[in-house]
Amino acid sequence: MAEPIRVCQVVGNMMGGGVEHVVMNYFEHVDHEKVQFDFVVTQSSIVVPREQIEAGGGRIFTVPGYMNLLAFESALYGLFCEHPEWRIVHSHMNALSVFPLRQAAKVGVPVRIAHSHSAFGYGEPVRNAAKLFLRRFANKYPTDRFACSRAAGDWLFGEGTSYEVVYNAIDLDRFAFDPSVRAAVRVELGISEDSFVVGHVGRFMQTKNQGFLVDAFARMLAARPGSLLVFAGTGEDEAAVRGRADGLGISERVLFLGQREDSNRLYQAFDVVALPSLYEGLGLVAIEAQAAGLPCLLSDRIPDEADLTGQCCYLAIDSAQEWADALASLQPRSDAQRAARDHGDFAHYDIGEQAAWLTNRYLELFEGAAR
C-alpha cells in the first residue's frame, strides 16, 4: 500500500481556540490511509494535543514565535528544506500566512494553501494596521485559497477572487441534544433544573468581548434574578472578566469552568449561547450551539452565514442594556425543539462528508502538482 501524502499544517499559536479545533476535527476524520497531517506550531503554544496527534500518526514541529519574525521565517525555511515530502503546505495563520507561504515558495513547495479563518477586527488598531498591510500580499504566495466563510474569504483575498469555502465542520452526533446529558451536567455544575443559563465558549481575549457580556448579564438579572452565566475557556483576559463580575457584585451568578474538552456536553446544560465578538471569520461556537438545538444571541459583526436554523438573533454591541433586554426575552426551548435542531441546513457542517471532500481535494492538488 502506498504511503499517505503528508500535508504540513502551519497552525502557529495553539491556544485552544476555534481554528485549532477546526484543524483537529479534520485531522481526526480524514482518511489517514491517503492523507496524514503534520503540524507546525510556535513555542508560545499552550494547548497542543500532542498525544492525540501522535496517536493518529501526525508529527509536531515547533518553531519560534512570529514576534521574532526573522527566527520564525528561518526556522520555517529550514523545515521546508528538511521535509521534501511536504508537497502541500496549508497555512491557517490568516493574514500572517504570507510568511510561511513565502518560505514554502522559496523552497519550491508546489501547493501552498492560504486559509482565512478571520476577518477585519475592531478595537485593535495596531493589529488591524498589520492585517491591512499584510493583506496586500495575501494573494502573492498561495497557489490555492481556502476560507471558512464568504466574509472571511472576501476580506483577506478580495471580492471576486477565486477561493474555496472549507466549512468549519463538526461531528454533529456529538452535539445532538440529550435531556439525560443536560440533567447530568447540571448536577455536576450545581445548577438547578429551573435556572436560566447563558453560555459562552471561547478563549478570553479582547476580540471575544466577554466583559461586555458580563455587563449585559448583570443588567439582565433584574428581569431574571435566578440566572447563571457560564464561561468555558481560558486566556489573557480571564482575570479582568472575573474582576468585572466581582465589581458588579454578581460573582456568585457567574461560573468560570476553565479550559474544557467537553463543550459538546456543556451546550446541553445551556439555554442560550451569547457571542458578543468584535469580529469572527464565522463563529464555530454558534454552529456547535445550533447543533445542540440552542438559540444564539450574536454580535452583528459575526457573519450571517453562521445562522443555520433561523434561531440566531444578531444585535449591535453598542448597548449592554439592549443585550440584557434581548437575553431576558429569550425563552428556554423544549426538548423536542432542541432535538429537532429546527431542521436547519447542517449539510455542509457534517465532518464526515467534509473530511472526505478535503481528503480528495488534497489528493487532487497533490496529483496536479506531480504532473
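For the structure, check the block above.
For the structure given in this document, a descriptive report is provided here. Every chain's residues receive numbers from 1 upward, in the order its sequence appears when written. Side-chain atom pairs in this predicted model are given and counted only at pLDDT of 80 or more, local residue features only at pLDDT of at least 70, and totals for whole chains, interfaces and linings cover all residues. In computing side-chain properties, one takes all heavy atoms of the structure into account and sets aside hydrogens as well as water.

### Quick word on the overall build of the protein
Selection rule: For the purposes of this entry, the term helix denotes a DSSP run of H or I that reaches at least four residues, the term strand denotes a run of E that reaches at least two, and both are numbered from the N terminus. Between the two quantities, the radius of gyration covers C-alpha atoms and the globule rule is 2.2 Å times the number of residues to the power 0.38. Relative accessible area decides the class of each residue, using a 1.4 Å probe on protein chains only: under 20% of the type maximum gives buried, over 50% gives exposed, and in between gives partly exposed. Note on definitions: a residue-residue contact is assigned when non-hydrogen atoms from the two residues lie within 4.5 Å. Residue-level accessible areas treat just the shown protein chains as cover; the underlying method is Shrake-Rupley with a 1.4 Å probe.
The helix and strand inventory of the protein stands at 15 helices and 13 strands. Expected size for 371 residues packed as a compact globule is a radius of gyration near 21 Å; at 21 Å, the protein falls within 12% of this value. Oriented by its inertia axes, the alpha-carbon framework of the protein measures out at about 65 × 45 × 40 Å. Counting only residues that meet the buried cut, the protein has 54% of its 371 residues in that class. Taking the contacts inside the protein whose residues are at least 6 apart along the sequence as the reference set, 68% of them involve residues at least 24 apart. Carbon and sulfur atoms make up 50% of the accessible area of the protein, which totals about 15,400 Å².

### Focus on the packing of aromatic side chains
Two aromatic rings, taken as a pair, are described by how far apart their centres are and by the angle between their planes. Basically, it comes down to this: Note on aromatic contacts: the rings of Phe and Tyr and the six-membered ring of Trp form a pair at centre separations within 6.5 Å, being stacked when their planes are under 30 degrees apart, edge-to-face when over 60 apart, and tilted otherwise.
Applying the stated rule across the entire model yields 17 aromatic pairs. With 5.3 Å between their ring centres and 25 degrees between their planes, Phe-231 and Phe-256 make a pair best called stacked. Of this pair, Phe-231 sits in strand S9 (residues 228–232) while Phe-256 sits in strand S10 (residues 254–256), and the two are 25 residues apart along the sequence. Taken as a pair, Phe-231 and Phe-256 share a single burial class, namely buried.

### Observations concerning the pairing of strand S5 (residues 111–116)
The test is simple: When the strands point away from the viewer, a crossover counts as right-handed if the path from the first strand over the helix to the second runs clockwise. A pair of strands counts as paired when DSSP detects no fewer than two bridges linking them.
In terms of burial, S5 is a largely internal element, 6 of the 6 residues being buried. The alternating pattern of S5 places Val-111, Ile-113 and His-115 on one face and Arg-112, Ala-114 and Ser-116 on the opposite face, and all of these are buried. Following the backbone out of strand S4 (residues 86–91), through helix H4 (residues 98–107) and into the adjacent parallel S5, one traces a crossover that is right-handed. One ladder, built from 4 bridges, connects S5 with strand S6 (residues 144–147); its direction is parallel. Its bridge partner being in S6, Ala-114 is matched across the sheet by Arg-145.

### Some thoughts on the sheet that holds strand S3 (residues 59–63)
Applied cut-off: In this description, a line fitted to the C-alpha atoms serves as the axis of each element, helices being fitted only across the stretch in contact, and the angle between N-to-C directions of two axes falls anywhere from 0 to 180 degrees.
Strand order in the open sheet formed by 7 strands is S3-S2-S1-S4-S5-S6-S7, and the pairing between neighbours is parallel. Pairing within the sheet leaves two strands with one partner each, and these edge strands are S3 and strand S7 (164–165). Pairing geometry for strand S2 (residues 35–42) and S3, over 5 bridges, is parallel. Note that in S3 the partner of Val-40 across the bridge is Phe-61. Contacting strand S1 (5–12), S2, S3 and S4, helix H3 (residues 69–82) runs over the sheet at an angle of about 145 degrees to S3.

### With respect to the sheet that holds strand S13 (residues 312–315)
In spatial order, the strands read S10-S9-S8-S11-S12-S13; together these 6 strands make up an open sheet with parallel pairing. Looking at the sheet topology across the chains shown, the edges are occupied by S10 and S13. Within the sheet, the average angular offset between the axes of one strand and its neighbour, ignoring direction, is 25 degrees. Contacting strand S8 (197–201), strand S11 (272–275), strand S12 (296–299) and S13, helix H13 (residues 320–329) runs over the sheet at an angle of about 160 degrees to S12.

### A few points about the packing of H3 against H4
Helix-helix packing is described using two parameters, namely the angle between the two axes and the distance between the axes. Condition: By the definition adopted for this analysis, an angle is roughly parallel if under 35 degrees, roughly antiparallel if over 145, roughly perpendicular if from 65 to 115, and oblique otherwise. Crossing handedness follows the turn of the near helix against the far one: under a right angle anticlockwise gives a left-handed crossing, and clockwise gives a right-handed one. Here the nonpolar group is Ala, Val, Leu, Ile, Met, Phe, Trp, Tyr, Cys and Pro; Asp, Glu, Lys and Arg are the charged ones; every other residue, Gly included, is treated as polar.
Running from N to C, H3 and H4 point in directions that differ by 40 degrees, and their axes come no closer than 9 Å. By the angle between their directions, the pair H3 and H4 is classed as oblique. Our pair here, H3 against H4, has a crossing hand that is right-handed. In contact with Leu-69, Phe-72, Glu-73, Leu-76, Tyr-77, Phe-80 and Cys-81 of H3, H4 contributes Phe-99, Pro-100, Arg-102, Gln-103, Ala-104, Lys-106 and Val-107. Taken together, the residues that form the contact of H3 with H4 break down as 10 nonpolar, 1 polar and 3 charged.

### Section: the pattern of salt bridges
The line we're drawing: Definition used for salt bridges: Asp or Glu carboxyl oxygen within 4 Å of a side-chain nitrogen of Lys or Arg.
Tallied over the entire structure, the rule returns 17 salt bridges. A salt bridge links Glu-164 to Arg-361; its shortest N-O distance comes to 3.0 Å. Placement of the pair is Glu-164 in strand S7 and Arg-361 in helix H15 (residues 351–370), with a sequence separation of 197 residues. Arg-244 serves as the salt-bridge partner of Asp-215, at 3.1 Å between the closest nitrogen and oxygen. Of the two residues, Asp-215 sits in helix H9 (residues 210–220) while Arg-244 sits in helix H10 (residues 238–247), which places them 29 residues apart along the sequence.

### A few points about helix H1 (residues 18–29)
Basically, it comes down to this: Each helix should span, by expectation, one fewer than its residue count multiplied by 1.5 Å.
The end-to-end C-alpha separation of H1 is 17 Å, in line with the 16 Å expected for 12 residues at 1.5 Å each. For H1, the complete set of buried residues consists of Glu-20, Val-22, Val-23, Met-24, Tyr-26 and Phe-27. Lining the buried residues of H1 we find S1, S2, helix H2 (50–55), helix H12 (284–291) and H15.

### Quick word on H3
Quick note on the threshold: Directions are taken from the helix axis to each C-beta atom, and the arc is the one they span.
Over its 14 residues, H3 runs 20 Å from end to end, which matches the ideal 20 Å to within 8%, given 1.5 Å per residue. Among the residues of H3, those classed as buried are Phe-72, Glu-73, Leu-76, Leu-79 and Phe-80. Angular distribution of buried residues about the axis of H3 spans 125 degrees; they occupy a single face of the element. Seen from the buried face of H3, the exposed residues on the opposite side, beyond 90 degrees, are Leu-70 and Glu-82.

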